[in-house]
Amino acid sequence: MITIEEALRIAIDAHEGQKDLDGNPVILHPMTVGLAGNNREEIIAGFLHDVVEDSGMSFEDLLSKGVDEPIVDALRLLTHKKGTNYEKYVQRIADSGNLIAIHVKYNDLCHNLKRGRAGGYWNIVAKHEKALAVIEPKI
C-alpha cells in the first residue's frame, strides 16, 4: 500500500519540467487537487490523476509502485484518452459510481475553473462549467 508521500514523489517525477498554460509548474495542479481530497485514497488519486495522461507512465507502472488497485481503477476513469469526446468522458465518470473518481474529478474541475477564470481562458471555463454540472450532482 502506497503512502501519500510516495504518491506525491511519483507525481513530482512524472510532471518534472512540465509547464501549464500560464508557465507555472504543472505539479501545482495535481498537488492542489490532491490536497482537496477528503481521505487517503482521494488525496493519492488527486496527486496522480494526470500522471498516465501526461507522462510516459502506465497504470501497470503505478501498480508496480504500490498504488492500490481501487485507486488505479479510479485513475483509469479519470484518464482522458485522446480521441474520446470530453462530455462522454465526464459522463462516464459521473455514471461510474466510483466515489474516488467522482470526488477527484470534482476537485479537478473546481481548480481548473479557478485557474481558467484567473487566466481569462473563457473557452476552457465554459467547458469545465458544463462538466461540473454533470459531476456535482454525484457528490
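As a reminder, the structure under discussion sits directly above these lines.
Participant: What's the story with the overall build of the chain in this structure? I'm lost.
Facilitator: Along the backbone of the chain there are nine helices and zero strands. When its helices and strands are written in sequence order, the chain yields α-α-α-α-α-α-α-α-α. Along the three orthogonal principal directions, the C-alpha set of the chain runs to about 40 × 35 × 30 Å. The proportion of buried residues among the 139 residues of the chain is 43%.

Participant: Would you mind showing me how to read the packing of aromatic side chains here?
Facilitator: Where two aromatic rings form a pair, the distance of their centres and the angle of their planes describe that pair. The full count for this structure, using the stated rule, is one aromatic pair. On the numbers, 5.4 Å between centres and 50 degrees between planes, the contact of Tyr86 with Tyr89 is tilted. Of the two residues, Tyr86 and Tyr89 both sit in helix 7 (residues 86–96), three residues apart, roughly one turn of that helix. Like Tyr89, Tyr86 is buried. Seen from the ring of Tyr86, Lys127 lies directly overhead, with NZ or CZ sitting 4.2 Å from the centre.

Participant: Mind showing me how you'd approach the nonpolar core here?
Facilitator: It is characteristic of soluble globular proteins that their nonpolar side chains tend to be buried jointly. Grouped together as the largest cluster of nonpolar side chains are 39 residues, with contacts concentrated most on Leu48, Leu62, Val67, Leu75 and Ile93. Of all elements in the fold, only helix 1 (4–15), helix 3 (40–48), helix 4 (51–54), helix 5 (59–64), helix 6 (69–78), helix 7, helix 8 (99–119) and helix 9 (122–135) reach the threshold of two or more residues within this core. Contact partners of Val67, with chain neighbours within four places excluded, come to Ile2, Ile10, Leu48, Leu62 and Val72.

Participant: Would you mind going over the packing of helix 2 (residues 28–35) against helix 3 with me for this structure?
Facilitator: Packed helices, taken two at a time, are described by their axes: the angle between them and the distance between them. At a minimum axis distance of 7 Å, the contact between helix 2 and helix 3 shows a crossing angle of 165 degrees. Here helix 3 runs roughly antiparallel to helix 2, going by the angle between their axes. In terms of crossing hand, the pair formed by helix 2 and helix 3 is right-handed. Packed against helix 2, whose contacting residues are Pro30, Met31, Val33, Gly34 and Leu35, the element helix 3 presents Glu42, Ile43, Gly46 and Phe47 at the interface. A class-by-class count of the residues in the contact of helix 2 with helix 3 yields six nonpolar, two polar and one charged.

Scoring rules and cut-offs
Residues numbered from 1 in each chain as written. Predicted model: local features only at pLDDT ≥ 70, side-chain atom pairs only at ≥ 80, totals over all residues. Heavy atoms only, no water. Helix = DSSP H or I, 4+ residues; strand = E, 2+ residues; numbered from the N terminus. Buried < 20%, exposed > 50% of the residue type's maximum accessible area, 1.4 Å probe, protein only. Phe/Tyr/Trp six-rings, centres within 6.5 Å; stacked < 30°, edge-to-face > 60°. Lys NZ or Arg CZ within 6 Å of the ring centre and 35° of its normal. Core = buried A, V, L, I, M, F, W, Y, C linked by side-chain atoms within 4.5 Å. Contact = heavy atoms within 4.5 Å. Axes fitted to C-alpha atoms, helices over the stretch in contact; angles between N-to-C directions. Parallel < 35°, antiparallel > 145°, perpendicular 65-115°, else oblique. Left-handed = near helix turned anticlockwise from the far one by under 90°. Nonpolar A, V, L, I, M, F, W, Y, C, P; charged D, E, K, R; others polar.

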